[in-house]
Amino acid sequence: MKDDDKAVYLGTDCGATTSKVGAVWGDGTVVSTKLLQRSTRSQDGPAAVVKSWVDAASEFLEQHDLSWDQVRGAGLAIPGPYQRYGVLDKSPNLPDSFTGFDVHNGYAGALADRAGHPIPLTVGNDGNLGGVGEAQHVRGRGHGTVLLLAPGSGLGCAFVDDRGLPLDGDTLAGMEGGHVPLPLHLLDAKPYPCGCGRTWGCVEVYTTLSGLPYLLAERLEKYPDHELAKSDRPMKERVFGLRTLAQQGDPLAQEIFDFQAKALGIHVAVLAMAVDPKYVVIGGGLMDPEATSDAFRERYLGLVREAALPLLWPAQRATLTIVPASLGDLSQSIGAALVALYRSRS
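Residues numbered from 1 in each chain as written. Predicted model: local features only at pLDDT ≥ 70, side-chain atom pairs only at ≥ 80, totals over all residues. Heavy atoms only, no water.

## Quick notes on the overall build of the protein
Secondary structure assignment for the protein yields 12 helices and 11 strands. Overall, the C-alpha framework of the protein stretches about 65 × 50 × 35 Å when taken along its three principal axes. Classification of the 346 residues of the protein by burial places 53% in the buried group. Taking the contacts inside the protein whose residues are at least 6 apart along the sequence as the reference set, 63% of them involve residues at least 24 apart. Looking at the protein as shown, the accessible area adds up to about 15,800 Å², and 51% of this sits on carbon and sulfur atoms. Within the protein, the 40 negative side-chain charges are centred at a point lying 2 Å from the centre of the 31 positive side-chain charges. (Helix = DSSP H or I, 4+ residues; strand = E, 2+ residues; numbered from the N terminus. Buried < 20%, exposed > 50% of the residue type's maximum accessible area, 1.4 Å probe, protein only. Contact = heavy atoms within 4.5 Å. Areas by Shrake-Rupley, 256 points an atom, 1.4 Å probe, with all protein chains shown as cover. Lys, Arg positive; Asp, Glu negative; His and termini not counted. Charge placed at Lys NZ, Arg CZ, Asp CG, Glu CD.)

Pasting the structure below:
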């Protein structure tokens, strides 16, 4: 390994409850695929969170016999929205004490204090940086742009260019693809309200956990004898068993996830008209091998492809590849580290 390749670029992924640490070498290869995560401590305020990130980074370096002298840059993946670069706005995932917090300067200062020298820090949207990690993995040594769609509690979206960098936009709201309206007539669907406040049929409502209560309530009319129809639990609680039921072959649950897969496939085609990717990576919990069966994932991805392909241009149908995500919980910390590396090169 060359001297430059011995340089280390750290990545921190801030979640609402846990934060994760990863790193890459100067040649872009991953230092370790072993997950290191620690409590975010968001209930204790911004200073406690920053300290927890630095402590976790120190622990990571120690675990891998690395020193702070090798650290040439760092990246931070953190959920939006933002008031401006590096400054948080009110977030549904963090306490109000984080509104207006200059996370860039706060974390950069803490890293410099611990390392004994300044460390360039790049801050980015967690979904976008997750796309960076998955893009490097799917492309290998090849080229091509990458679109990431990760349905979970909401719909994470990212577009990564052929340099490996995400589309952020001027207000850091680029690729908020979960709030693009779906062509609902193709799904014979109603315009459900989204948590963002829009009522135009945000795709997030039709592809993620956030919209399952609407989809379940509507479909229970067709299944009056189903166990979920007889339950007295709130609809938001009833949906949590749907994924397990779908993997057991339950017709109602399968119908709902088949619908979601079709909706996501249509969205792939919509976004392909805008960004024309070579690869589409489908992430989120539905693609997690520890959470879903091979048969479930194959059925879901097959329906995504089936819905998307007829709506693409002929040249896109011949070249676009739809694959499942591979990095799991590591994607955002690795993506943050990679962006720090890419920024250092430029």
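## Let's talk about unusual backbone geometry
Glycine aside, residues mostly have negative phi angles, and peptide bonds mostly take the trans form. Backbone geometry at Asp65 places phi at a positive 55°, although glycine is not the residue there. By the secondary structure assignment, Asp65 is in the loop between α1 (46–63) and β4 (71–78). Its relative accessible area of 71% is what places Asp65 among the exposed residues. The backbone of Asp276 sits at a positive phi, close to 50°, despite the residue not being glycine. Residue class for Asp276 comes out partly exposed when judged on its relative accessible area of 47%.

## Considerations on helix α9 (residues 251–275)
Taking 1.5 Å as the rise per residue, α9 with 25 residues should run 36 Å; its terminal C-alpha atoms sit 36 Å apart, in good agreement. Within two residues after α9, Asp276 carries a phi angle of roughly 50°, on the positive side. (Expected span 1.5 Å × (residues − 1).)

## Quick notes on helix α2 (residues 103–115)
Compared with an ideal rise of 1.5 Å per residue, which puts 13 residues at 18 Å, α2 spans 18 Å between its outermost C-alpha atoms and is within 8% of the ideal. All of the buried residues in α2 are Val103, His104, Tyr107, Ala108, Ala110, Leu111 and Ala115. An end-on view of α2 places all buried positions within 165° of arc, on one side of the element. Buried residues along α2 sit against β1 (8–14), α1, β4, β6 (87–88) and β7 (121–125). Once α2 ends, the next one or two residues include Gly116, with phi positive near 85°. (Arc of directions from axis to C-beta.)

## Comments concerning the packing of aromatic side chains
Within the structure shown, the criterion is met by six aromatic pairs. Aromatic pair Phe257 and Phe296: ring centres 5.5 Å apart, planes at 75°, arrangement edge-to-face. Taken together, the residues Phe257 in helix α9 and Phe296 in helix α10 (residues 294–308) connect sequence positions 39 residues apart. Neither Phe257 nor Phe296 differs from the other in exposure class; each is buried. Directly above the ring of Phe259 sits Arg219, whose terminal nitrogen or CZ lies 4.6 Å from the centroid. (Phe/Tyr/Trp six-rings, centres within 6.5 Å; stacked < 30°, edge-to-face > 60°. Lys NZ or Arg CZ within 6 Å of the ring centre and 35° of its normal.)

## Regarding the pattern of salt bridges
Counted according to the given criterion, the structure contains 12 salt bridges. One salt bridge connects Arg38 with Glu59, and the closest N-O pair in it is separated by 2.4 Å. Here the residue Arg38 occupies a position in strand β3 (residues 36–39), and Glu59 occupies one in helix α1, the gap between them amounting to 21 residues. Across the pair Arg297 and Asp294 runs a salt bridge, and its minimum N-O distance is 2.4 Å. Residue Arg297 and its partner Asp294 are both found in helix α10; the two are separated by three residues, about one turn of the helix. For Arg297, a relative accessible area of 12% gives the class buried. (Salt bridge = Lys/Arg side-chain N within 4 Å of Asp/Glu carboxyl O.)

## Overview of the state of the cysteines
If you walk through the whole model with that rule in mind, you get zero disulfides. Take Cys194: it sits in no disulfide, and the sulfur closest to it among the cysteines is that of Cys196, at 3.7 Å. Overall, Cys194 belongs to the buried group, its relative accessible area being 8%. Judged by relative accessible area, which is 33%, Cys196 ranks as partly exposed. (Disulfide = S-S within 2.5 Å.)

## A short note on the sheet that holds β1
Strand order in this open sheet of five strands is β3-β2-β1-β4-β7, and the pairing throughout is mixed. Two strands bound the open sheet, and with one partner strand each, they are β3 and β7. Geometrically, the sheet is characterised by an average inter-axis angle of 20° between neighbouring strands, direction not taken into account. Sheet analysis places β1 next to strand β2 (residues 18–25), joined by seven bridges and oriented antiparallel. Each residue of the ladder has a partner; that of Thr12, found in β2, is Val21. Its contacts with the sheet place α1 against β1, β2, β3 and β4, and it is angled at close to 150° to β3. (Pairing = 2+ DSSP bridges. Axes fitted to C-alpha atoms, helices over the stretch in contact; angles between N-to-C directions.)

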